[in-house]
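Residues per chain, in single letters:
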Amino acid sequence: MPDYPLFSGSASDQLAELVGFGLGRRLSASSTRKFPDGELAVTLDVPVRGQAVFIVQSMYPRVTESLFELLLYVDACRRAGARHITAVVPYLGYARADKRHARREAITASMLANLFTTTGLNQLVTIDLHSAQIEGFYKIPVENLTAVPTLCDELRHSLPSNTVVVSPDEGRVQMAREFGRNLSFPIAVLHKLRSSATETKVLNVVGDVLGRACLIIDDMITTGGTISSAVAALLKAGASPEITVAATHGVLVEGAREQLSHPAIRRVVVTNSIVQQRSDWRELTVVTVAPLLAVAIQRLSACDVGQLQCQDLKHLGEQEMSLPPSEQISVSCCQ
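Now for a quick tour of the structure.

Definitions and limits used
- Residues numbered from 1 in each chain as written.
- Predicted model: local features only at pLDDT ≥ 70, side-chain atom pairs only at ≥ 80, totals over all residues.
- Heavy atoms only, no water.
- Helix = DSSP H or I, 4+ residues; strand = E, 2+ residues; numbered from the N terminus.
- Contact = heavy atoms within 4.5 Å.
- Areas by Shrake-Rupley, 256 points an atom, 1.4 Å probe, with all protein chains shown as cover.
- Salt bridge = Lys/Arg side-chain N within 4 Å of Asp/Glu carboxyl O.
- Buried < 20%, exposed > 50% of the residue type's maximum accessible area, 1.4 Å probe, protein only.
- Axes fitted to C-alpha atoms, helices over the stretch in contact; angles between N-to-C directions.
- Parallel < 35°, antiparallel > 145°, perpendicular 65-115°, else oblique.
- Left-handed = near helix turned anticlockwise from the far one by under 90°.
- Phe/Tyr/Trp six-rings, centres within 6.5 Å; stacked < 30°, edge-to-face > 60°.
- Lys NZ or Arg CZ within 6 Å of the ring centre and 35° of its normal.
- Pairing = 2+ DSSP bridges.
- Polar contact = N/O pair within 3.5 Å; in protein donor to acceptor, adjacent residues only side chain to side chain.
- Core = buried A, V, L, I, M, F, W, Y, C linked by side-chain atoms within 4.5 Å.

1. Looking at the overall build of the chain
Reasoning step 1: Broken down by element type, the chain carries 9 helices and 14 strands.
Reasoning step 2: If you take every contact in the chain between residues at least 6 apart in sequence, the share linking residues at least 24 apart comes to 65%.
Reasoning step 3: Surface exposure of the chain reaches about 15500 Å², of which carbon and sulfur atoms provide 51%.

Structure below.
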């Protein structure tokens, strides 16, 4: 098994520990200090010269601070002589700012790609980007994994047989198709109008939802406003009041729980790409993406040392994740 440093930023300690456990290794020692004026300082406590390095850090709950800490890790590794630096960012922040909605507005997702490249990052691994075209902003390889099969494994045996997968807008249709294919359910699509950053209005429902249970899917849940509007529209269209919500990233800002407390919502399922602290929320289920990330890291590290030829990881989540990583990596591929 190749030897490589595996670091964790402060936003993803728990997830990184699970990833390290799946890889059979401990996290490499490092520290992040915060000065009284808010400045951050990162120190690596192990040598990385000439090595391929992996850094696990989601960009939440303090989005900008988590981003800057990750950039400090990348810069510290580069200055310490690391040969190849991979950032494993399960939840990539600022992904919604992928185009201009007004004439004088920053395209932050593009700026972020430039920041990563300038700092010295060699590769990015993330899960379910808000917009797949964000990969085009990067001049380095981007592995956009999917958590859809992980969520489907959790949902498969708990959904009624008459369930329909519902995309909350046109942008999530491809994701809805993946859920439908994995679960063998039909799909429906909601056409919505966004009136502000926190408010949306559903205009109409496309698809047969009459008398059916619904699985509303999304890449992220932030305020819960989109889901709340979707539930109201589905019930108005005659859907059964048996609604399950599934999303990769449970951002769940203040007030989101209240938006998701509709009596028709039986269950909310998210992954631990973002740490969840709500132990008193009975309807909330958190599934882990640690095996998905562990297999990705193992394959990338094996490619790096020539033990395997490189494999496209974009559909890695479609493969069985219950096996130990040592068994999951027994595949051949090309570079």
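2. Examining the pattern of salt bridges
Reasoning step 1: Per the stated rule, a full pass over the model turns up 13 salt bridges.
Reasoning step 2: The partner of K34 in a salt bridge is E65, with the nearest N and O atoms 3.0 Å apart. Here E65 lies in helix α2 (residues 63-79) and K34 lies in strand β2 (residues 30-34), a separation of 31 residues in the sequence.
Reasoning step 3: K34 gets classed as exposed once you look at its relative accessible area, which sits at 53%.
Reasoning step 4: Look at E65 and you get partly exposed, because its relative accessible area is 25%.
Reasoning step 5: Salt bridges sharing common partners tie together K34, R62 and E65.

3. As for the packing of helix α4 (residues 148-155) against helix α5 (residues 173-183)
Reasoning step 1: Where α4 contacts α5, the axes come no closer than 10 Å and their chain directions differ by 45°. Classified by the angle between their axes, α4 and α5 sit oblique to one another. As for the relative orientation of α4 and α5, their crossing is right-handed in sense. Taking contact as the criterion, the partners of V148, P149, L151, C152 and L155 in α4 are, on α5, M175, E178, F179, N182 and L183.

4. Quick word on the packing of aromatic side chains
Reasoning step 1: Considering all chains together, one arrives at 4 aromatic pairs under this definition.
Reasoning step 2: In this structure, R25 is placed above the aromatic ring of Y4, and the distance from its NZ or CZ to the ring centre is 3.9 Å.

5. Here we look at the sheet that holds strand β7 (residues 142-145)
Reasoning step 1: Read across the sheet, 5 strands follow the order β1-β4-β5-β6-β7 without closing on themselves; strand pairing throughout is parallel. This sheet does not close on itself; its edge strands, each paired only once, are β1 (6-8) and β7. Strand-to-strand twist in this sheet, taken as the mean axis angle between neighbours without regard to direction, amounts to 20°.
Reasoning step 2: Summarising the sheet, strand β5 (residues 84-89) and strand β6 (residues 123-127) pair through 4 bridges and their orientation is parallel. Residue pairing for β6: A87 is matched across the bridge by L124.

6. Re the pairing of strand β8 (residues 164-167)
Reasoning step 1: The alternating pattern of β8 places V164 and V166 on one face and V165 and S167 on the opposite face, and all of these are buried.
Reasoning step 2: In this sheet, strand β11 (residues 214-221) lies alongside β8 in parallel orientation, the contact comprising 3 bridges. Bridge pairing links V165 to L215 in β11.

7. Here's the deal with the side chain of N144
Reasoning step 1: Among the secondary structure elements, N144 is positioned in strand β7.
Reasoning step 2: For N144, a relative accessible area of 14% gives the class buried.
Reasoning step 3: Within the local environment of N144, its side chain forms a polar contact with the backbone nitrogen of D128, the two atoms lying 3.1 Å apart.
Reasoning step 4: Within the local environment of N144, its side chain forms a polar contact with the backbone nitrogen of L129, the two atoms lying 3.1 Å apart.

8. Description of the nonpolar core
Reasoning step 1: I55, L92, F116 and Y138 are the most contacted members of the largest nonpolar core, which totals 31 residues.
Reasoning step 2: For this core, the secondary structure elements donating two or more residues are β3 (40-44), β4 (52-56), α2, β5 and α3 (108-119).
Reasoning step 3: Tallying contributions element by element places α2 first for this core, with 7 residues.
Reasoning step 4: In contact with I55, not counting residues within four places along its chain, are F7, L70, Y73, V74, C77, I85, T86, A87 and V88.
Reasoning step 5: Counting 25 residues, the second largest nonpolar core, distinct from the first, contains I227, L234, L260 and W281.

9. Things to note about the environment of E69
Reasoning step 1: As for its position among the elements, E69 is in helix α2.
Reasoning step 2: The exposure class of E69 is buried, given its relative accessible area of 2%.
Reasoning step 3: Separated by 37 residues in sequence, E69 and T32 place their C-alpha atoms 7.9 Å apart.
Reasoning step 4: Ignoring any residue separated from it by four or fewer positions in sequence, one finds E69 in contact with G9, S10, A11, T32, L40, V42 and Q57.

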